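What the coordinates show
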Amino acid sequence: MNGFIAPNELLARYIPFSRWFRKQDLTVKQDAFIPQDSELSVTRHLRLTEEDIWKIGRKIAEGMSTPRNLYGRADVKTSHVIAQRLNVVPQPVDGNPNHANIINWPPDKDARKMCALGIAKVTHFVANPEGKV
Amino acid sequence: MMMPSVVSGYVGEIADFVAQKMKNSRELLQESNVLSFVAKGTFQQLDEIFRDCSLDGWDSDKAKPISGEVLLCARGFLNSFPLGMEAPEVGAEPDGAITLEWYRSPNKVISISINPDGWMYYAALIGTSKRHGADFSLMGVSDDLVEIISQVTKGD
């Protein structure tokens, strides 16, 4: 596994919750980029095919105790995350060797929201070809 | 001419009567604003969020559940809005917060989080201007926040 994430690498944040994107213009809400605690899970596109990326997302959404529909994913360049003074580190997990975490979140929630708004603004929503939007 | 600070006698009774009538009218209008949020489905969206996000890991990851306390805070916060406010979109964040969002474009948006600790946090993008801050949600919406929401929703 590559320990360095290049600024031009694409990251995917899976969207298993219908209220994390806006149906009217298919943009992503900042809600999707607020960490539960100190890190936010993403998947690196690195060396994955489109089918591989969806396969990982579907596995995550369907593997929960209450399975979720995978609506899509939010793609964002690593450089846009770094522009918010955050960092991205590889964190391979079982079933997803491309798993990474966005870290270095500011402690104050309003500052976190500002970072999340900045990221959400430049993401590209990709609808799940096998899902419903 | 200087007005007396305390009005007594018959004039005072009239002043009290007028003040009471104004208060009642204000409460009725406030109630109609709350009813407007009901009509627009805002409170129904809150209930749906509570139903969909009340278990750990509702985001297919490590999300904290939305608690009944947060739901009540969000309802109370919405009830404090002044007349004529546009209804927000309701959402949820993985840290257990309910969100209220007013959106026009990726560069004209405000998001408010009602958090489990009783605090309310907001962040807004209005063109090149960025605003963010915090307040206690039980205190209701502040004039400053109403102004920021208006900047987002008006002048399309």
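Okay, so let's go over this structure. Computed from a predicted model, the values in this text were never measured in an experiment.

Brief notes about the overall build of chain B
Scanning chain B for helices and strands turns up four helices and five strands. Going from the N terminus to the C terminus, chain B shows its helices and strands as α-α-α-β-β-β-β-β-α. Summarising the internal contacts of chain B: among those between residues at least 6 apart in sequence, 48% fall at separations of at least 24.

Observations concerning the environment of A:H99
Residues and elements named next belong to chain A. With respect to the helices and strands, the residue H99 is situated in strand β7 (residues 99-103). Given a relative accessible area of 11%, H99 falls into the buried group. The spacing of H99 and A12 is 87 residues in sequence and 9.5 Å in space, taken between C-alpha atoms. Excluding residues that lie within four positions of it along the chain, H99 makes contacts with S41, V42, P90, Q91, P92 and V93.

Examining empty space enclosed by the protein
All told, the structure shown has one cavity of 30 Å³ or more when counted by the stated rule. Within this model, the largest cavity holds a volume of roughly 60 Å³. The wall of the largest cavity is formed by A:R13, A:I34, A:P35, A:Q36, A:E39, A:L40, A:S41, B:D59, B:D61, B:K62, B:A63 and B:P94. Here the residues of the lining of the largest cavity are counted per class, giving five nonpolar, two polar and five charged.

Focus: helix α4 (residues 143-153) of chain B
Those residues of α4(B) that sit buried are B:L145, B:V146, B:I148, B:I149, B:S150, B:V152 and B:T153. In the core, the buried residues of α4(B) are packed alongside α3 (68-79), β2 (98-105), β3 (108-114), β4 (119-126) and β5 (129-136) of chain B.

Some words on the nonpolar core
B:I110, B:I112 and B:L145 are the most contacted members of the largest nonpolar core, which has 61 residues in total. It is α3(B) that contributes the most residues to this core, six residues altogether. The residues touching B:I112, leaving out its near neighbours within four places in the chain, are A:K113, B:F77, B:I98, B:T99, B:L100, B:W102, B:M120, B:Y121, B:Y122, B:L145 and B:I149. Grouped together as the second largest cluster of nonpolar side chains are seven residues, A:W54, A:A61, A:L70 and A:V126 included.

So, the layout of surface pockets
Taken as a whole, the largest pocket holds about 360 Å³ of empty space. For the lining of the largest pocket, the secondary structure elements donating two or more residues are β1 (10-15), β4 (40-44) and α1 (50-62) of chain A. For the lining of the largest pocket, the leading source of residues is α1(A), giving five residues. For the lining of the largest pocket, a count of residues per class yields ten nonpolar, seven polar and five charged. Looking at the second largest pocket, its volume works out to about 180 Å³. Mapped onto the lining of the second largest pocket, the elements with two or more residues apiece are β2 (21-22) of chain A together with β2 of chain B.

Concerning a nonpolar patch on the surface
All names here are of chain B. A cluster of nonpolar residues, Y10, I14, F17, V18 and M22, forms a patch on the protein surface that exposes about 570 Å² of accessible area. The topology assignment puts M22 in helix α1 (residues 9-39). By relative accessible area, M22 is classed as exposed at 58%.

Let's talk about the pattern of salt bridges
When charged atoms on two side chains of opposite charge get close, those side chains can pair. Here the structure, examined in full by the defined rule, presents 16 salt bridges over all chains. A:E50 is paired through a salt bridge with A:R73; the nearest N and O atoms lie 2.8 Å apart. Placement of the pair is A:E50 in helix α1 and A:R73 in strand β5 (residues 72-77), with a sequence separation of 23 residues. Judged by relative accessible area, which is 2%, A:R73 ranks as buried. Taking the shortest distance from any N to any O, the salt bridge between B:R131 and B:D144 comes out at 3.3 Å.

Thoughts on the interface of chain B and chain A
Across the boundary between the two partners, chain B contributes 41 residues, which contact 29 residues of chain A. Linking chain B with chain A are seven salt bridges, by the criterion used here. Summed over the shared surface of chain B and chain A, the number is 22 residue pairs in polar contact (both at pLDDT 80 or more). Broken down by secondary-structure element, the contributors of at least two residues to the side of chain B that touches chain A are α2 (42-52), β1 (89-92), β2, β3, β4 and β5 of chain B. Counting residues per element, the side of chain B that touches chain A draws most heavily on β4(B), at five residues.

Criteria and cut-off values
- Each chain has its residues counted from 1, running along the sequence as written.
- Throughout, the order in which chains and ligands are written sets their labels, letters from A for the former and numbers from 1 for the latter.
- Given that this is a predicted model, residues contribute local features only at a pLDDT of at least 70 and side-chain atom pairs are listed and counted only at 80 or more, while totals for whole chains, interfaces and linings are drawn from all residues.
- Processing note: side-chain calculations cover all non-hydrogen atoms of the structure and skip hydrogens and water entirely.
- Strands here are runs of E lasting at least two residues and helices are runs of H or I lasting at least four, both read from the DSSP assignment and numbered beginning at the N terminus.
- When checking whether two residues touch, look at their non-hydrogen atoms; a contact exists if any pair is within 4.5 Å.
- Three exposure classes are used, based on accessible area relative to the maximum for each residue type with a 1.4 Å probe and protein chains only: buried under 20%, partly exposed in between, and exposed over 50%.
- Here a cavity denotes a set of grid points, spaced 1 Å apart and computed over the protein atoms alone, in which a 1.4 Å probe fits but from which it cannot get out, and a pocket denotes an open set meeting protein on both sides within 12 Å along at least five of seven lines; residues with an atom within 4 Å of a point are reported as lining.
- Grid points are joined across faces, edges and corners, and a volume is the space filled by probe spheres set on the points.
- Under the grouping applied here, Gly and all other residues not named as nonpolar or charged are polar, the nonpolar ones being Ala, Val, Leu, Ile, Met, Phe, Trp, Tyr, Cys and Pro and the charged ones Asp, Glu, Lys and Arg.
- For our purposes a nonpolar core is just a set of buried Ala, Val, Leu, Ile, Met, Phe, Trp, Tyr and Cys residues, chained together by side-chain atoms within 4.5 Å.
- Patch members must show over 30% relative accessible area and no salt bridge, and they are joined within 9 Å when carrying like charges or within 5 Å when they are nonpolar side chains of Val, Leu, Ile, Met, Phe, Trp or Tyr.
- Residue exposure ignores everything except the shown protein chains as possible cover, and the areas themselves are Shrake-Rupley values with a 1.4 Å probe.
- By definition, a salt bridge exists where a carboxyl oxygen of Asp or Glu is found within 4 Å of a side-chain nitrogen of Lys or Arg.
- Any pair of nitrogen or oxygen atoms within 3.5 Å is treated as a polar contact; in protein, a donor-acceptor pairing is required on top of that, and neighbouring residues in sequence qualify only through side-chain atoms on both sides.

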